[in-house]
Amino acid sequence: MVRVLVSDAISEEGLAPLRTSAHIDIVQKNVSEAEDELHTFDALLVRSATKVTEELLAKMPKLKIVGRAGVGVDNIDVDAATKRGIVVINAPNGNTISAAEHTFAMMAALVRRIPQAHISVKSREWNRSAFVGNELFGKKLGIIGFGRIGSEVAKRARAFGMTVHVYDPFLTKERAEKLGVSIHSLDEVLAAADIITVHTPLTKETRGLLGTENLAKTKKGVYLINCARGGIIDEQALIPFLESGHVAGVALDVFEQEPPGDHPLLAFDNVIVTPHLGASTVEAQLNVATQVAEELLHFFEGQPVTSSINLPALSKDVYEKIQAFYHLGRKLGLIASQFMNIPVQELSVTYAGTVADLETTYITRSLLAGFLRPRVASTVNEVNAAMVAKERGITYGEKFSDETHGYANCISLTVHGENKTFTIKGTHVPNYGDRIVHFDGVTIDFAPEGHLLYIQHHDRPGMIGKVGNVLGAHNVNIATMQVGRQEAGGKAMMILSLDKPVDDAVLQALAQIDDIETVKRLEA
Ligand SMILES: NC(=O)C1=CN([C@@H]2O[C@H](COP(=O)(O)OP(=O)(O)OC[C@H]3O[C@@H](n4cnc5c(N)ncnc54)[C@H](O)[C@@H]3O)[C@@H](O)[C@H]2O)C=CC1
Ligand SMILES: O=C(O)C(=O)COP(=O)(O)O
């Protein structure tokens, strides 16, 4: 049974796909209510209220996936999740329109002073001259961050007859032209815009983007809007600009601290606010909840997730193509790691044949995870494999080659240790399975499955019989046996597949046979 903790208010209708699964148990509680059972959950679903900190993750040892029913993941410690091998997904498109419409509603409310006028009329006043506003028509709108929401705001601004000036270092000229906006430097946008709205994520680069220095570059009488993340506009820095009248008004949906409490900005008549409502529509909540619920189902069914923050995105189609190689990669890494049970500095993976045309990053991550699994106590999977390898000083690289050794596809892994290098090669044969076709300099053919025994010996008559006798004496049944050699009378090896794992006594007895050099247990 998969246990899912839903710790923020997520659309019930959107969660329906999860509820229909007999294998999923949903618990709706906030984190402190669920304190005693945190260790039992496999998945966590949140919006922006739950802070998914390292401390919380440490209390959830079974957690495999965190789903964010929304866009911003700044409330989730993604690095800490990645380190633990936890997949983080979000719902990037579901609330775009709602957030853009809310931004536009705030813009109109700001320049026409609707909230202030509303309060006045509700207070039984009728003071029309106190609420003279500005038109949006003909004004320059500065958009900082031109992703999904920024570009939807731009479409609406153009319909209102505004000209749109955009700053986004990652925006291409083609996309800007297509949407009828002009690209500028940040300074140009700051200097030209009558209204500035921010739509970036909150990152190291964007925190305090509109601080004292940049606010001073804006036009006198500028209006500012933040419906993205608290902190992109520095709240403290704003105060003197409001006091001097340099900034004519501010609309905030988000705050550095939420709720903001008794914040000095709230005392300004020309600061209008909403309590983080950008995504709070029935439509957006249904969209984002449905998206994360479906992704979660895919994840637990072993299918690819498409909106992961810490995994390469894979479509179902691509995933199906790489699946076989993903398993082969895992086995190659796992076997190589056990065979080279010494410190290792470098892994080099070469893809040849049909596999070389696929999304190999994912296969390499799987191979790396297989390699690291016997070496680390904590969870290691394709989410954190690269990070764990780096922590352990293991570098890795991918190459592509035409050398398939006669197979349709071939993955070759070379592991470099201090005084030894080991190469293993494998192929996947459709409808047949994975085969290891090269092992430490010897051409061989065996399935990387189950309890394997590697024996390196000199090529002499009678070796197979001697090995069989020892195993028989220890009541170990041999399922399959493959032999290979470099040259007649030279280095030779056997790979045996056994019905059960052998203990150290069996290994020692085999190692005592004349002409046997090495015996190793390999679990695949
Ligand atoms: N108030 C609310 O309820 C909601 C807030 N949001 C927030 O709105 C923001 C935008 O969301 P989306 O448009 O979906 O994200 P997005 O990822 O589609 O767009 C973000 C854009 O910011 C740009 N960017 C990144 N760093 C930048 C920098 N230093 N300077 C200028 N541009 C930069 C990126 O190139 C990208 O085009 C996010 O912070 C998100 O969390 C989203 C939904 C609802
Ligand atoms: O999706 C986002 O980034 C949002 O800010 C929406 O937040 P919420 O889900 O309404 O807490």
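Refer to the structure printed above.
Residues numbered from 1 in each chain as written. Chains lettered and ligands numbered in written order. Predicted model: local features only at pLDDT ≥ 70, side-chain atom pairs only at ≥ 80, totals over all residues. Heavy atoms only, no water.

So, the sheet that holds strand 6 (residues 140–144)
- The strand order 8-7-6-9-10-11-12 describes an open sheet built from seven strands, whose pairing is parallel. Edge strands, defined here as strands with exactly one partner in the open sheet, are strand 8 (182–183) and strand 12 (271–273).
- Bridge analysis of strand 10 (residues 222–226) against strand 11 (residues 247–252) gives five bridges, and the strand direction is parallel. Within the sheet, the bridge partner assigned to Asn-226 lies in strand 11 and is Leu-252.
- Sitting on the sheet, helix 4 (residues 96–112) touches strand 6, strand 9 (195–198), strand 10, strand 11 and strand 12, and the angle it makes with strand 10 is about 150°. (Pairing = 2+ DSSP bridges. Helix = DSSP H or I, 4+ residues; strand = E, 2+ residues; numbered from the N terminus. Contact = heavy atoms within 4.5 Å. Axes fitted to C-alpha atoms, helices over the stretch in contact; angles between N-to-C directions.)

Describing the site of ligand 1
- Residues in close proximity to ligand 1 total 25 residues, the closest being Arg-148, Ile-149, Asp-168, Thr-200 and Asp-253.
- Asp-168 is positioned with one of its side-chain polar atoms (N or O) 2.7 Å from an oxygen atom of ligand 1.
- The backbone of Thr-200 places a nitrogen or oxygen atom 2.8 Å from an oxygen atom of ligand 1.
- Here ligand 1 has 860 Å² of accessible area as a free molecule, and 87% of this is covered by the chains.
- Because more than half of its atoms lie within 2 Å of the grid, ligand 1 is assigned to the largest pocket.
- Residues of the shell around ligand 1, tallied by class, amount to 12 nonpolar, nine polar and four charged. (Near = heavy atom within 4 Å. Polar contact = N/O pair within 3.5 Å; in protein donor to acceptor, adjacent residues only side chain to side chain. Areas by Shrake-Rupley, 256 points an atom, 1.4 Å probe, with all protein chains shown as cover. 1 Å grid on protein atoms, 1.4 Å probe; cavity = no way out; pocket = protein on both sides within 12 Å on 5 of 7 lines; lining within 4 Å. Sits in = over half its atoms within 2 Å of the grid points. Nonpolar A, V, L, I, M, F, W, Y, C, P; charged D, E, K, R; others polar.)

Some remarks on helix 11 (residues 282–300)
- For helix 11, built from 19 residues, the straight-helix expectation of 27 Å at 1.5 Å per residue is met to within 8% by its first-to-last C-alpha distance of 27 Å.
- All of the buried residues in helix 11 are Ala-284, Gln-285, Val-288, Ala-289, Val-292, Ala-293, Glu-295, Leu-296 and Leu-297.
- Count one or two residues on from helix 11 and you reach Gly-302, which has phi positive near 80°. (Expected span 1.5 Å × (residues − 1). Buried < 20%, exposed > 50% of the residue type's maximum accessible area, 1.4 Å probe, protein only.)

Re the site of ligand 2
- Taken together, Arg-47, Ser-48, Arg-68, Ala-69, Gly-70, Val-71, Gly-72, Asn-95, Arg-229, His-276 and Ala-279 make up all the residues around ligand 2.
- Within the side chain of Arg-68, a nitrogen or oxygen atom sits 2.8 Å from an oxygen atom of ligand 2.
- Asn-95 has a polar side-chain atom sitting 2.9 Å from an oxygen atom of ligand 2.
- Notes on ligand 2: free accessible area 310 Å², of which the protein chains cover 90%.
- In this structure, ligand 2 is accommodated by the largest pocket.
- Within the shell around ligand 2, the residues separate by chemical class into three nonpolar, five polar and three charged.

Quick look at the packing of aromatic side chains
- If you walk through the whole model with that rule in mind, you get 10 aromatic pairs.
- Taken together, the ring pairs connect Phe-339, Phe-422, Phe-439, Phe-446 and Tyr-454 into an aromatic cluster. (Phe/Tyr/Trp six-rings, centres within 6.5 Å; stacked < 30°, edge-to-face > 60°.)

Here we look at the nonpolar core
- Core analysis: the biggest nonpolar cluster contains 68 residues, and Leu-18, Leu-45, Leu-347, Leu-372, Ile-411, Ile-424 and Phe-439 have the highest contact counts within it.
- With nine residues, the top contributor of residues to this core is helix 12 (residues 316–339).
- Both domains that meet at this core, namely domain 1 (2–94 + 284–301) and domain 3 (316–522), each give it at least three residues.
- Not counting chain neighbours up to four residues away, the residues in contact with Leu-45 comprise Val-4, Leu-5, Val-6, Ser-7, Asp-8, Ile-10, Leu-15, Leu-18, Gly-67, Val-292 and Leu-296.
- Grouped together as the second largest cluster of nonpolar side chains are 28 residues, Leu-186, Leu-210, Leu-215 and Ala-237 included. (Core = buried A, V, L, I, M, F, W, Y, C linked by side-chain atoms within 4.5 Å. Domains from an automatic or database assignment.)

Brief notes about the packing of helix 4 against helix 6 (residues 148–159)
- In the contact formed by helix 4 and helix 6, the axes pass within 8 Å of each other and the chain directions differ by 50°. Of the possible angle classes, the one that applies to helix 4 and helix 6 is oblique. In this structure, helix 4 meets helix 6 at a crossing whose hand is right-handed. Across from Thr-96, Ile-97, Ala-99, Ala-100, Glu-101, Thr-103, Phe-104 and Met-107 in helix 4, the residues of helix 6 making contact are Arg-148, Ile-149, Glu-152, Val-153, Arg-156 and Ala-157.
- Looking at the contact of helix 4 with helix 6 residue by residue, the classes come out as eight nonpolar, two polar and four charged. (Parallel < 35°, antiparallel > 145°, perpendicular 65-115°, else oblique. Left-handed = near helix turned anticlockwise from the far one by under 90°.)

Regarding the pattern of salt bridges
- Taken as a whole and judged by the stated rule, the model has 21 salt bridges.
- The salt bridge involving Glu-449 is made with Lys-331; its shortest N-O contact spans 3.2 Å. In this pair, Glu-449 is assigned in the loop between strand 18 (442–446) and strand 19 (451–458) and Lys-331 in helix 12, connecting sequence segments 118 residues apart.
- On the accessibility criterion, Lys-331 (16% relative accessible area) is buried.
- Each of Arg-3, Asp-25, Lys-29 and Glu-37 takes part in a single network of salt bridges with overlapping partners. (Salt bridge = Lys/Arg side-chain N within 4 Å of Asp/Glu carboxyl O.)

Coordinates in, geometry out; function isn't part of it.
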